[in-house]
Amino acid sequence: MGTATLTAPEQVTDTFPINGTDFIEFYVGNAKQAAHFYRNVFGYKILAYRGPETGTRDRASYILEQDKVRLVLTTALRPDSEIAAHVHKHGDGVKDIALWVDDARKAFRLAVERGAKPAYEPKSLVDENGEVVLAGIHTYGETIHSLVERKNYKGPFMPGFVPFAGKGDSQGVGLKYIDHCVGNVELGAMNKWVKYYADVLGFTQLISFDDKAISTEYSALMSKVVANGNGRIKFPLNEPAKGKKKSQIDEYLEFYEGPGCQHIAIATDNIIDTVTKLRDNGVEFLRVPGTYYDTVTERVGKIDEDLAPIRDLGILVDRDEEGYLLQIFSKPMEDRPTLFYEIIQRKGAKSFGAGNFKALFEALEREQDLRGNL
Ligand code: FE2
């Protein structure tokens, strides 16, 4: 891909240490049902709960976990709530991509000094298991980053939650950790947000793709990837570019009513097994034409996996200088064409599958066309 540039981060000191993603919180219309969906379909354990029974009057939240991936599903109990307003405007969506830090007060102070808009001031939550300190800053759209300090906490999630009383166990489907979270922002806003992550959180830009790299006959987009000091947090940021027809980013922005999280990529050590289980549980994935596989070995060389299940499941393969990767994209998770998931297995490659963009975007456009939105 000639128009992509890859720059290795050259950081001497990490000016904003982040240990990893702490949790991703969704605001949803019905958290009880969403929790069952994520358990039964994606194999998460339902770990903990808070709601009216535990003294929380305005909301109910369920904590779901699979290896290092932790989701919080939150719903409003009354209409006059910012959660209800968020769901009314955006549909079910990501509200908070929470970052795990050692000192939340210090991180918050530093972020605000460097230009972050505060979402909420530092607060300390205490129970018999210890203390969690939380603070929040705004990012694109109505999305926030909570800064979570849990070094003095020994409980399962945080104070205020009790173990989930219902049937919450699960065998899992092999989801391991969050590889990256992608944000869709408005036309012309991508560079502003790249600068925001650089200035406020000390991120560096890893890769950029211009509209010539990411275009089909009909639509185009531009993308830049930023990452934190230790590389555990990676945020690709997309903006629409002018094409003959409406781009997938425009469709998202229209139906989400503004910028927001477009997809969450979750890593697995065995993509064939994970995707087989997800498909059996009813997850629908985007399909590229069968001809994609006629040339795949020519394009990426030899891979360890058997090609037959890769082709059968519709898994995509791409290679960079350091290795290869296997990936697949789900269809949107809600009726609005907004958030979707990527399942990714990295075999050395640190990139994002640029070699698959064209086949993938053509598949996306076929779906967009079916919705009457191309
Ligand atoms: Fe991705």
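Above this text you will find the structure in question.
Treat the numbers as computed from the prediction; the structure is a model and nothing was measured. (Residues numbered from 1 in each chain as written. Predicted model: local features only at pLDDT ≥ 70, side-chain atom pairs only at ≥ 80, totals over all residues. Heavy atoms only, no water.)

### What to know about the pattern of salt bridges
Oppositely charged side chains can pair when the atoms bearing their charge come close.
Right, on to step 1. Applying the stated rule across the entire model yields 23 salt bridges.
Right, on to step 2. Among the ionic pairs, Lys176 bridges to Asp67, the shortest N-O distance being 3.4 Å. Note that Lys176 is positioned in strand 11 (residues 175-184) and Asp67 in the loop between strand 4 (59-66) and strand 5 (69-76), a separation of 109 residues in sequence.
Right, on to step 3. Residues Lys347 and Asp304 are paired through a salt bridge, measuring 3.0 Å at the closest nitrogen-oxygen approach. On the criterion of sequence distance, the pair formed by Lys347 in strand 18 (residues 340-347) and Asp304 in the loop between helix 7 (296-300) and helix 8 (307-313) is long-range, its members being 43 residues apart. (Salt bridge = Lys/Arg side-chain N within 4 Å of Asp/Glu carboxyl O. Helix = DSSP H or I, 4+ residues; strand = E, 2+ residues; numbered from the N terminus.)

### Comments concerning the coordination of the iron ion
Right, on to step 1. At 2.0 to 2.2 Å from the iron ion lie its protein donor atoms, namely His180 (NE2), His263 (NE2) and Glu342 (OE).
Right, on to step 2. Mapped onto the polypeptide sequence, the residues donating to the iron ion form the spacing pattern H-x82-H-x78-E. On the criterion of sequence distance, the pair formed by His180 in strand 11 and His263 in strand 15 (residues 260-268) is long-range, its members being 83 residues apart. (Donors = N, O, S within 2.8 Å, 3.2 Å for Na, K, Ca; no water.)

### Describing the sheet that holds strand 2 (residues 20-27)
Right, on to step 1. Here we have nine strands laid out as an open sheet, ordered 7-8-9-6-2-5-4-3-10, and mixed in their pairing. Looking at strand neighbours, the two that pair on one side only are strand 7 (118-127) and strand 10 (162-163), the edges of this open sheet.
Right, on to step 2. When strand 3 (residues 45-50) meets strand 4, the two strands line up antiparallel, connected through five bridges. Bridge assignment links Lys45 to a residue of strand 4, and that residue is Glu65. (Pairing = 2+ DSSP bridges.)

### Description of unusual backbone geometry
Right, on to step 1. Of note, Asp67 is a non-glycine position whose phi angle comes to about 50 degrees, a positive value.
Right, on to step 2. Looking at Asp67, the relative accessible area reads 44%, which means it is partly exposed.
Right, on to step 3. Phi angles above zero are rare outside glycine, and Glu257 is one such case at about 60 degrees. (Buried < 20%, exposed > 50% of the residue type's maximum accessible area, 1.4 Å probe, protein only.)

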